[in-house]
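Understanding the architecture of this molecule
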Amino acid sequence: MSEELTPRQKAAVLMISLGSDTSAEVMKHLSEEEIEQLTLEIANVRKVESEKREEVIEEFHSMAVAQDYISQGGIGYAKDVLERALGSQKAMDIIERLTSSLQVRPFEFMRKTDPSQVINFIQNEHPQTIALILAYLPAEQASMILSALPSEKQADIARRVAVMERTSPEVIKDIEKILERKLSSVMSQDYTQAGGIESVVEVLNNVDRATEKTILETLETQDPELAEEIKKRLFVFDDIVHLDDRSIQRVIREVEQKDLTLALKVAGEEVKDRLFKNMSKRMGELVQEEMDYMGPVRLRDVEEAQQKIVNVIRSLEESGEIVISRGREDDVIV
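Calculation criteria
Residue positions are given per chain, counting from 1 as you read along its sequence in written order. Note on the predicted model: pLDDT of at least 70 is required for a residue's local features to be given, and 80 or more for side-chain atom pairs to be given and counted; whole-chain, interface and lining totals, by contrast, use all residues. Values reported for side chains reflect all heavy atoms of the structure, with hydrogen atoms and water molecules removed beforehand. Only protein atoms enter the 1 Å grid, on which a cavity is a set of points fitting a 1.4 Å probe that cannot get out and a pocket is an open set with protein on both sides within 12 Å along at least 5 of 7 lines, lining residues being those with an atom within 4 Å of a point. Grid points are joined across faces, edges and corners, and a volume is the space filled by probe spheres set on the points. Strands here mean DSSP runs of E at least two residues long; helices mean DSSP runs of H or I at least four residues long; both are numbered from the N terminus. For this classification, Asp, Glu, Lys and Arg are treated as charged, while Ala, Val, Leu, Ile, Met, Phe, Trp, Tyr, Cys and Pro are nonpolar and the rest, including Gly, are polar. Relative accessibility decides the category of a residue: with a 1.4 Å probe and only protein chains considered, values under 20% of the type maximum give buried, values over 50% give exposed, and everything between is partly exposed. Note that the arc is computed from the directions linking the helix axis to the C-beta atoms. In this analysis, two residues are considered to be in contact whenever any of their non-hydrogen atoms come within 4.5 Å of each other.

Quick notes on empty space enclosed by the protein
Applying the stated criterion across every chain, the model contains three cavities of 30 Å³ or more. For the largest cavity, the calculated volume is near 50 Å³. As for the largest cavity, its lining consists of Leu134, Ala135, Leu146, Ala158, Val161, Ser199, Val200 and Val203. Of all the elements in the fold, those that place two or more residues in the lining of the largest cavity are helix H8 (127-136), helix H10 (151-162) and helix H12 (197-204). A total of three residues in the lining of the largest cavity trace back to one element, the largest contributor, which is H12. Partitioning the lining of the largest cavity into residue classes produces seven nonpolar, one polar and no charged.

Digging into the environment of valine 236
Its location among the elements puts valine 236 in the loop between helix H14 (224-233) and helix H15 (245-254). Of the residues examined, valine 236 reaches a relative accessible area of 22% and is grouped as partly exposed. Each C-alpha atom of the pair valine 236 and isoleucine 309 lies 9.5 Å from the other, and the pair is 73 residues apart in sequence.

As for helix H7 (residues 115-122)
Because the α-helix completes a turn every 3.6 residues, residues three or four places apart line up on one side. Among the residues making up H7, those that are buried are Pro115, Val118, Ile119 and Ile122. For H7, the buried positions fall inside an angular range of 105° around the axis, keeping them on one side. Tucked inside the fold, the buried residues of H7 contact H8 and helix H9 (139-148).

Structure below.
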């Protein structure tokens with residue numbers, strides 16, 4: 001087997017070298033088709049020269065190390081470290097092999113950056129630039145940044161994220177260069193899709209209620225149709241009335257009683273009726289008693305308690321423990 005090995009043959013040699021136990025663990029993460037192809041290749045391997053086996057293991061190690069460097073600081077950082085360790089040509093070979101199959105998301109380096117630092121970098125940028133950056137960041141991180149921006153900018157940026165279409169790699173590259181003095185940059189080789197209504201809904205689902213309310217109210221004035229479409233996909237505390245009794249009971253078991261009491265302090269009658277209906281008699285009495293003796297409370301505290309309950313509901317939905325019906329035909333449960 002002195003000829004150059006194919007990628008599939010290299011994978012087979014690596015599996016043989018790792019041993020049966022480790023190989024079995026690796027195959028748990030492969031598809032059935034991949035397992036079938038790899039197993040067939042392993043069966044066809046008769047004898048592997050020790051030198052060739054060492055080359056395969058060394059190549060795998062280099063690729064794994066390079067991938068780790070990319071995840072730490074981006075392609076630029078990985079290339080720099082590998083050049084120092086392996087030389088320029090070998091480093092470029094490894095990076096090219098990885099990037100040919102690896103889709104590196106724009107602004108990947110910012111995912112590991114504290115949101116407060118990101119805000120300092122982008123707060124004076126054009127709203128479209130900020131929207132593009134937020135569209136590529138995780139929803140939780142983007143939500144913190146959006147909440148910290150001036151209120152007069154929030155709705156405009158949220159709208160821009162919602163209506164965003166494809167962005168060319170040249171534009172992304174230009175924006176990344178603005179931050180390259182402080183942070184490592186990464187590049188996308190293909191046109192990528194980001195933003196859209198689902199993206200802005202995910203962001204709004206993670207901001208505080210005051211920010212969410214401000215953005216939606218502004219959007220209702222600027223773009224009523226977009227605001228209505230976004231609201232259809234958002235779940236707020238009052239929407240708890242759309243949950244079935246079993247789901248409400250599950251939510252009640254998950255939340256803290258003090259949050260439930262605070263949340264109900266200024267809730268509408270329909271919300272109160274549904275929640276009390278699904279509590280035990282004893283719990284209902286305790287909650288009602290606490291509400292009666294609670295006295296005046298800050299609206300901010302009430303909203304925070306309601307948001308905690310909404311977060312529990314969203315978490316239960318994500319885990320498949322409850323189903324949220326949003327009123328569309330495809331959401332009807334049968």
